[in-house]
Amino acid sequence: MVSEQELVAAVARERAAGKTIAFANGCFDLLHVGHVRYLQGAAAEADRLIVAVNDDRSVAGLKGAGRPILPAADRAELVAALRGVHYVVVFGDPNVERLLLLVKPDVHCKGTDYTVDSVPERAVVESYGGRTAIVGDTKSHATRDLIMRIRD
């Protein structure tokens, strides 16, 4: 897990070494197989993978009352432990546009609940010459479904 400043420095080192950079983001509340497959797909797109994890406030805004289940530091640590993930940063912005402009990854990876044309940050990625990739398995796994099964 790194700060934004540490991430910028790390990306500069990686680029100087000739490495390509992929970027993925999400809440990752109650890590499940869909998350793992998404991040494995993202990792396959470049030499290094950055994962941006939503902070607690933004998860609550996106997912509603009672979320997140796990605090941001825990979610980030779990994501960081996955093979193929090189850097994890926690962010609180409403979207990842600022982070994308900060690190300018070669590829911005989104899950299969998007198409390349529906990715909200696509224009930002194109503006600096990056590309967008749709990765992972079909969106048949959801944290809300896990929560409902646990409650039942």
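Given the structure is predicted, the values throughout are model-derived calculations rather than measurements.

Q: Would you explain the overall build of the protein chain in this entry?
A: When helices and strands are tallied, the protein chain shows 7 helices and 5 strands. From first element to last, N terminus to C terminus, the protein chain shows the α and β order α-β-α-β-α-α-β-α-β-α-β-α. The C-alpha radius of gyration computed for the protein chain amounts to 15 Å, which stays within 12% of the reference 15 Å derived for 152 residues, consistent with globular compactness. Along the first, second and third principal axes, the C-alpha atoms of the protein chain reach 50 × 30 × 25 Å. For the protein chain, the proportion of its 152 residues judged to be buried stands at 43%.

Q: What am I meant to see in the nonpolar core here?
A: Across soluble globular proteins, nonpolar side chains have a tendency to be buried as a group. Counting residues in each nonpolar core, the largest one holds 18 residues, and the members touching the most others are Leu-39, Leu-49, Val-51 and Val-79. Among residues more than four places away in sequence, those in contact with Leu-49 are Ala-22, Phe-23, Ala-24, Leu-39, Ala-42, Ala-43, Gly-84, Val-85, His-86 and Tyr-87. The next biggest cluster of nonpolar side chains, apart from the first, holds 17 residues, and it includes Ile-21, Tyr-87, Phe-91 and Leu-100.

Q: What am I meant to see in the environment of Glu-97 here?
A: Along the chain, the position of Glu-97 falls in helix H5 (residues 97–103). Setting aside anything within four residues of it in sequence, one finds Glu-97 in contact with Pro-120, Glu-121 and Val-124.

Q: What exactly am I supposed to notice about the state of the cysteines here?
A: One pass over the structure, following the stated rule, counts 0 disulfides. Take Cys-27: it sits in no disulfide, and the sulfur closest to it among the cysteines is that of Cys-109, at 17 Å. Judged by its relative accessible area of 11%, Cys-27 is buried. When its relative accessible area of 0% is taken as the criterion, Cys-109 is described as buried.

Q: Mind showing me how you'd approach the pairing of strand S1 (residues 21–26) here?
A: On any regular strand, side chains alternate: one points to one face of the sheet, the next to the other face. Buried residues dominate S1, accounting for 6 of its 6 residues. Every second residue of S1 is oriented toward a common face, with Ile-21, Phe-23 and Asn-25 on one face and Ala-22, Ala-24 and Gly-26 on the other, all of them buried. Where the polypeptide runs from S1 across helix H2 (residues 33–43) and back to strand S2 (residues 48–54), its parallel neighbour, the crossover connection is right-handed. Relative to strand S4 (residues 107–110), S1 runs parallel, the two being bridged by 2 bridges. Residue pairing across strands places Phe-23 opposite His-108, the latter belonging to S4.

Q: Help me understand the sheet that holds strand S3 (residues 87–91) in this model?
A: As a general point, the strands of a sheet are linked pairwise by backbone hydrogen bonds and lie either parallel or antiparallel. Ordered in space as S3-S2-S1-S4-S5, the 5 strands form an open sheet in which the pairing is parallel. Here the strands that pair on one side only, and so sit at the sheet edges, are S3 and strand S5 (131–134). Pairwise comparison of adjacent strand axes, ignoring direction, gives a mean angle of 25° for this sheet. Where S1 and S2 come together, 6 bridges link them in parallel fashion.

Q: Please clarify how the pattern of salt bridges should be interpreted in this entry.
A: Pairs may arise between side chains of opposite charge once their charged atoms sit close together. With the rule as written, the count across this model stands at 11 salt bridges. A salt bridge links Asp-29 to Arg-67; its shortest N-O distance comes to 2.9 Å. With Asp-29 in the loop between S1 and H2 and Arg-67 in the loop between helix H3 (56–63) and helix H4 (72–80), this residue pair connects regions lying 38 residues apart in the sequence. Taking relative accessible area as the criterion, Asp-29 reaches 1% and is therefore assigned buried. For Arg-131, the salt bridge goes to Glu-45, with nearest N and O atoms at 2.7 Å. In this pair, Arg-131 is assigned in strand S5 and Glu-45 in the loop between H2 and S2, connecting sequence segments 86 residues apart. Given the relative accessible area of 42%, Arg-131 is considered partly exposed. Residue class for Glu-45 comes out partly exposed when judged on its relative accessible area of 27%. One network of salt bridges, with partners in common, ties together Glu-4, Asp-93 and Arg-98.

Thresholds, definitions, all that
- Residues numbered from 1 in each chain as written.
- Predicted model: local features only at pLDDT ≥ 70, side-chain atom pairs only at ≥ 80, totals over all residues.
- Heavy atoms only, no water.
- Helix = DSSP H or I, 4+ residues; strand = E, 2+ residues; numbered from the N terminus.
- Rg over C-alpha atoms; globule rule 2.2 N^0.38 Å.
- Buried < 20%, exposed > 50% of the residue type's maximum accessible area, 1.4 Å probe, protein only.
- Core = buried A, V, L, I, M, F, W, Y, C linked by side-chain atoms within 4.5 Å.
- Contact = heavy atoms within 4.5 Å.
- Disulfide = S-S within 2.5 Å.
- Right-handed = clockwise from strand over helix to strand, strands pointing away.
- Pairing = 2+ DSSP bridges.
- Axes fitted to C-alpha atoms, helices over the stretch in contact; angles between N-to-C directions.
- Salt bridge = Lys/Arg side-chain N within 4 Å of Asp/Glu carboxyl O.

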